[in-house]
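# Observations on the model geometry
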Amino acid sequence: MSSVAVQLNDIAKSFGPVKALAGLTLEIKEGELVALLGPSGCGKTTALRALAGLQDLDRGQILVGGKDITFQAANHRGMGMVFQAYSLFPHMSAQENVEYGLKLKAHKVSAEDRRKKSSELLELVGLSTHAGHYPHQMSGGQQQRVALARALAIEPKVLLLDEPLSALDAKVRIQLRDEIRRIQLEVGTTTLFVTHDQEEALGIADRVGVMRDGVLQQIAVPQELYDRPTSAFVAEFVGLTNPIRGTVSGSTVSILGSQIATLPGSVTSGEGTALVRPESIRVEADPSGSAKVVTSSFLGSVCRSIVDLADGTRITAQSASSQASVLRAGTSVRVTLDTPAVFVKSL
Amino acid sequence: MSQLTQEAITGSAARGSGYRAWRRVTPYFGVLPFLTLATLFLLWPTISVMTGAFQDSKGHFTFTSVHDVWTSSTHLAIFKNTLLLSGETALIGAILGALLSYAVATGKPDGILRRIWVSATGVLAQFGGVMLAFGFVATFGFNGFITTFVKSFAPHSFFANPSWLYGITGLAFVYCFFQIPLMFIVFLPAIDNLRPNWREASDSLGGSTWEYWRRVGIPVLTPSFLGSSLLLFANAFSAYATAASLISQGSIITPLEISGSLSSETGLANAATAKALSFGMVAVVVVVMALYTLLRRKVSKWEKS
Amino acid sequence: MKRSLGQRIWRWSILLVVTSYLALPIVAMLDFSTKVGRSKRGLYAWKAIFSQPELVGGIVTSLELAAIVIALLLFLVVPTVVWVHLKLPRLRRPLELICLLPLAIPGIVLVVGVSKIYMWLSIHWTESPLTLSAVYAMLILPYTYRSLSAALFAVDVHTLAEAARTLGASTSRTLFQIVIPTIKAGVMSALVISIALVLGEYTISSLLNYKTFQVEINLIGQNDGTIAVAVSLASLIFVLLLLLLMPTAKRHGKALLDVDAE
């Protein structure tokens, strides 16, 4: 088991009446990429800035490599940071930006080593041909690559990524996301990635922590977070869910004629609302079925259907795209569930 | 094809090219009134000064007046005075104005301090000319506020004798009054454009405050600072009213010289001198403004990134 | 991040030094204009402002000039700038150059160039302030052009104009009822700057022998400095109030970019 690289112990910070962090505790292992995910105002960025030393704390302790750095100034922490956008120095070329940290007293190296390092890094982020370009001559995606190379140049103890993809176009975003992951695995730097986009978090991280109101709701590997949420908030924030009423007894819930196991943290008795993923709902054309298709849309790889159940509940189901031609509006269908477990919240 | 459409086609084809050309030209008539006014009161006067500098009294081309001015030690000394005055007040105004805008910009972005400064400098930058001259006469003139005050306990000190106010030192001192606010107005946006991200990026990469300013802050602000200083230079260089109202005798700067040769009764030779001097002034301002435009372009490129 | 003590001291000393330099003449003017004789105080100078017929005449002349300049601005400059922006994009650069030209021509130089045509016009046509106001209309072009073009680029005037046209509005209706109202803020700030500039102009009017406000202040100043100082302070306060009427302080700062102080 690799050792713990970063420890945030019960850190808290208020801005006036707003509690940005309300006792956050988090551990990041050596070489691990942890994503902090949450709606805006949940405190994820404050946590990252506190780790960078750009934000004072009211309470708590920050340890990096076992050393307490709570009161260390930002420029002594040796962390590489990539910001949302527009953080490159406008009067420096890509190469000069990457070399910036290595010119400073803190990480000073010889001009020759500097040049070598920056060339390597620009190569790593796929921009070796753009070394002489200035920020205003590069696209947003290219600027972020340079920012990444600049942060990595000082061989940071921790790499901090503050929504680095949010200002980019959808296509570039996915491409760069995969590339960040590739580079991070190659370099092996412990990384904290902050985002409000769940797909991004699930796609890139070793573990994803979901935050709300300044505390961590759940932290787990992406698959577990998606399949086995421990709270209604996590279930609803990560991925799509259909709220369907059912009766709970013990650790099973009966919905749509099936008995399904409930996840820990669910309601244990009486009526409840099960949160069911669209892909867990199976819809089959059946003239005797009690549900009706309202509309279906062909989305390329899948078919998404909106279906009215007999009791009037409207749900969204996802099936193979080949079904699109069968599940037309008005078709009578039978709806069944196909999932090992669901989370059930109180009504 | 029916008779009707046939006719319609031949009809519009017949109206063809002439009509189309007419339709293309008509919008240009819209600018005629403005163009007439601008020609009469701006373009033609400008051209007549520029060409007049190279004409003799009969309208023939000659270098005489420009040559005379260029070789006259009096004219040259005054021209140099004017350049120096503009340079000094631009420099002092730029430094103090830049420091002021930094001091104000580091305050609260919506704070009352900032709002007061933004409004006040807008007025003060415009408060040149006659009124400003009287303001300084009331302060440092013979019965001025400071003069009377200083006289009472240090009758032989610098401020006790107000004759300095009516010379080049006085002008420089007075000009700063509108230069500093002007610098504030043009430089504040540049300071506002210093992104907090840059400072944070520098900090996280291990930079000290000094290293940030040396490698990022100052280099980023330099083009704006130089551009604004050029603007201040042109501003002081073109100024006339303050000096005219403060200094009633003697021409110590070129604008005063020009007005002197315009209003004196000695006739046409002076008109040629006025034009030659004017030509020199315009040449300086045009160069300065061209440099300013170049620097602006650089800055606006950076702003886009 | 918190400010260090050194930074705070530094910041406040700058503010203090500049504020005292800028406030000093204003305080001095207040002191000077309320002095009577050697040691007494009184408001005689302030009361005397409106009993100076020349001064009142100068104010009236300057206001007349301002009115004509505003008319030229609203009915000639603004429509031309909008027209070129909408219909003649090819003329945009030349128009901009013409409008920025006064920045490169010091006022005193313009007088040298204008004096001949001015003499011709005053002999053959009119000696009214009309000629001077035409020169003033040229002087305000840089500021007018800046604030108008900023306003025109801020809203998509093209789409608006096309929408109005397809709905059946005539060209003049489109111009005066659709486009110009949408750039009202830009027009307003151009207007206020123009008024401030006309009321403060001295160079050209004095050399062309007009008796404008500033010229009269200067003349009074040769005889009675106290009244001149009182008038100067009063007009400073007036201009301050006028500029506070600006739509927003920010736009004001932008429009004033590149201003010649006189």
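Our subject in this report is the structure included herewith. Throughout, a residue's number is its position along its own chain's written sequence, starting from 1. Chains and ligands are labelled sequentially in the order written, the chains with letters from A and the ligands with numbers from 1. Thresholds applied to this predicted model are a pLDDT of at least 70 for local features of residues and 80 or more for the giving and counting of side-chain atom pairs; totals over whole chains, interfaces and linings are not thresholded and use all residues. With hydrogens and water stripped out, all remaining heavy atoms of the structure feed into the side-chain values.

Another aspect to go through is the overall build of chain B. The helix count covers DSSP runs of H or I at least four residues long, the strand count covers runs of E at least two residues long, and both are numbered beginning at the N terminus. The secondary structure content of chain B amounts to 13 helices and 0 strands. Overall, chain B shows an N-to-C arrangement of helices and strands of α-α-α-α-α-α-α-α-α-α-α-α-α. Here the globule rule reads 2.2 Å times residues to the power 0.38, and the radius of gyration is calculated from C-alpha atoms. Taken over the C-alpha trace, chain B has a radius of gyration of 27 Å; the compact-globule value for 305 residues is 19 Å, which it surpasses by more than 25%. Type-normalised accessible area, obtained with a 1.4 Å probe on protein chains alone, sets the label of each residue: buried when under 20%, exposed when over 50%, and partly exposed for intermediate values. Residue burial in chain B is summarised as follows: out of 305 residues, 52% are buried.

Bringing the packing of aromatic side chains into the picture now. Put simply, two rings from Phe, Tyr or Trp (the six-membered ring, in Trp's case) pair if the centres are within 6.5 Å, and we call them stacked under 30 degrees between planes, edge-to-face over 60, tilted for the rest. On inspection of all chains with the given rule, the structure shows 30 aromatic pairs over all chains. On the numbers, 5.6 Å between centres and 10° between planes, the contact of A:F233 with A:F237 is stacked. One end of the pair, A:F233, and the other, A:F237, are both in helix α8 (residues 232-237), 4 residues apart, so they sit about a helical turn from each other. Of the residues examined, A:F233 reaches a relative accessible area of 17% and is grouped as buried. Judged by centre distance (6.1 Å) and plane angle (10°), the rings of B:F142 and B:Y166 are stacked. Of the two residues, B:F142 is situated in the loop between α6 (129-140) and α7 (145-153) and B:Y166 in the loop between α7 and α8 (168-192); the sequence distance between them amounts to 24 residues. Taking the relative accessible area as the measure of exposure, B:F142 reaches 51% and is therefore exposed. By relative accessible area, B:Y166 is classed as partly exposed at 28%.

A few words on the side chain of C:R11. Tracing the sequence through the fold places C:R11 in helix α1 (residues 5-33). In this tally Asp and Glu are treated as negative and Lys and Arg as positive; neither His nor the chain ends contributes. Each reported salt bridge corresponds to a side-chain nitrogen of Lys or Arg within 4 Å of a carboxyl oxygen of Asp or Glu. The side chain of C:R11 sits in the buried core without any salt bridge; B:D192 is the nearest counter-charge, 11 Å away. Among the polar contacts listed, one links the side chain of C:R11 to the side chain of B:T106, at a separation of 3.0 Å. The term polar contact refers here to a pair of N or O atoms within 3.5 Å; inside protein, the definition further demands a hydrogen-donor-capable atom paired with an acceptor-capable atom, and it admits residues adjacent in sequence only when both atoms are side-chain atoms.

Take the pattern of salt bridges next. Residues and elements named next belong to chain A. According to the stated counting rule, one finds 27 salt bridges over all chains in the structure shown. The closest approach of N and O atoms between R282 and D338, which form a salt bridge, is 2.9 Å. Here R282, found in strand β15 (residues 281-285), pairs with D338, found in the loop between β19 (332-337) and β20 (341-345); they are 56 residues apart in sequence, far enough to count as distant. Ionic contacts of the salt-bridge type, sharing partners, join the residues R145, E179, R182 and E186 into one network.

A packed helix pair is summarised by two numbers, namely the angle formed by the two axes and the spacing between the axes. Residue and element names in this part refer to chain C. Lines fitted to the C-alpha atoms define the axes, with helices restricted to the stretch that makes contact. Angles between their N-to-C directions range from 0 to 180 degrees. Look at helix α3 (residues 53-87) against helix α10 (residues 184-200): their axes get within 9 Å of each other, and the N-to-C directions meet at 150°. Taken together, the axis directions place α3 and α10 in an arrangement best described as roughly antiparallel. Between α3 and α10 lies a crossing of right-handed hand. Residues S62, L63, L65, A66, V69, I70, L73, L74 and V78 of α3 form the contact with α10, whose own contacting residues are V187, A190, L191, S194, I195, V198 and L199. Nonpolar residues are Ala, Val, Leu, Ile, Met, Phe, Trp, Tyr, Cys and Pro. Charged residues are Asp, Glu, Lys and Arg, and all others, Gly as well, are polar. By residue class, the composition of the contact of α3 with α10 is 14 nonpolar, 2 polar and no charged. Small angles under 35 degrees read as roughly parallel and large ones over 145 as roughly antiparallel, with 65 to 115 read as roughly perpendicular and the rest as oblique. Left-handed describes a crossing whose near helix is turned anticlockwise from the far helix by less than a right angle; the clockwise case is right-handed. By the convention used here, residues are in contact when the closest approach between their heavy atoms is within 4.5 Å.

Residue and element names in this part refer to chain A. With a phi close to 50°, D10 is a non-glycine residue in the positive phi region. Despite not being glycine, L256 has its phi angle at roughly 50°, a positive value. Mapped onto the elements of the fold, L256 is located in the loop between β12 (252-255) and β13 (258-262). On the basis of relative accessible area, L256 is assigned to the partly exposed category, the value being 28%.

The subject of this paragraph is the sheet that holds strand β8 (residues 190-195) of chain A. Strand pairs in the sheet, formed through backbone hydrogen bonds, run parallel or antiparallel to each other. Residues and elements named next belong to chain A. In this analysis, strands are considered paired if DSSP registers two or more bridges between them. Spatially, the 6 strands line up as an open sheet ordered β6-β7-β8-β3-β9-β10, and their pairing is mixed. Looking at which strands have only one partner, the edges of the open sheet turn out to be β6 (79-82) and β10 (215-220). Strand-to-strand twist in this sheet, taken as the mean axis angle between neighbours without regard to direction, amounts to 20°. The sheet contact formed by strand β3 (residues 33-37) and strand β9 (residues 207-212) spans 4 bridges and is parallel. Looking at the pairing, A35 lines up with V208 of β9. Sheet contacts for helix α4 (residues 140-153): β6 and β7 (158-162); angle to β6, the most-contacted strand, approximately 170°.

Turning to the interface of chain C and chain B, a few remarks are in order. Each side of the interface is counted separately: chain C has 83 residues, and chain B has 83 residues. Taken together, both faces of the contact between chain C and chain B bury some 7,400 Å²; the carbon and sulfur share is 78%. Run the count over chain C and chain B and you get 0 salt bridges. On inspection of chain C and its partner chain B, the count reaches 7 residue pairs in polar contact (both at pLDDT 80 or more). Among the elements that line the side of chain C that touches chain B, the one with the most residues is α1(C), at 17 residues. Taken together, the residues that form the side of chain C that touches chain B break down as 58 nonpolar, 14 polar and 11 charged. Accessible-area loss on putting two parts together, using a 1.4 Å probe and summing over both, is the definition of buried area adopted here.

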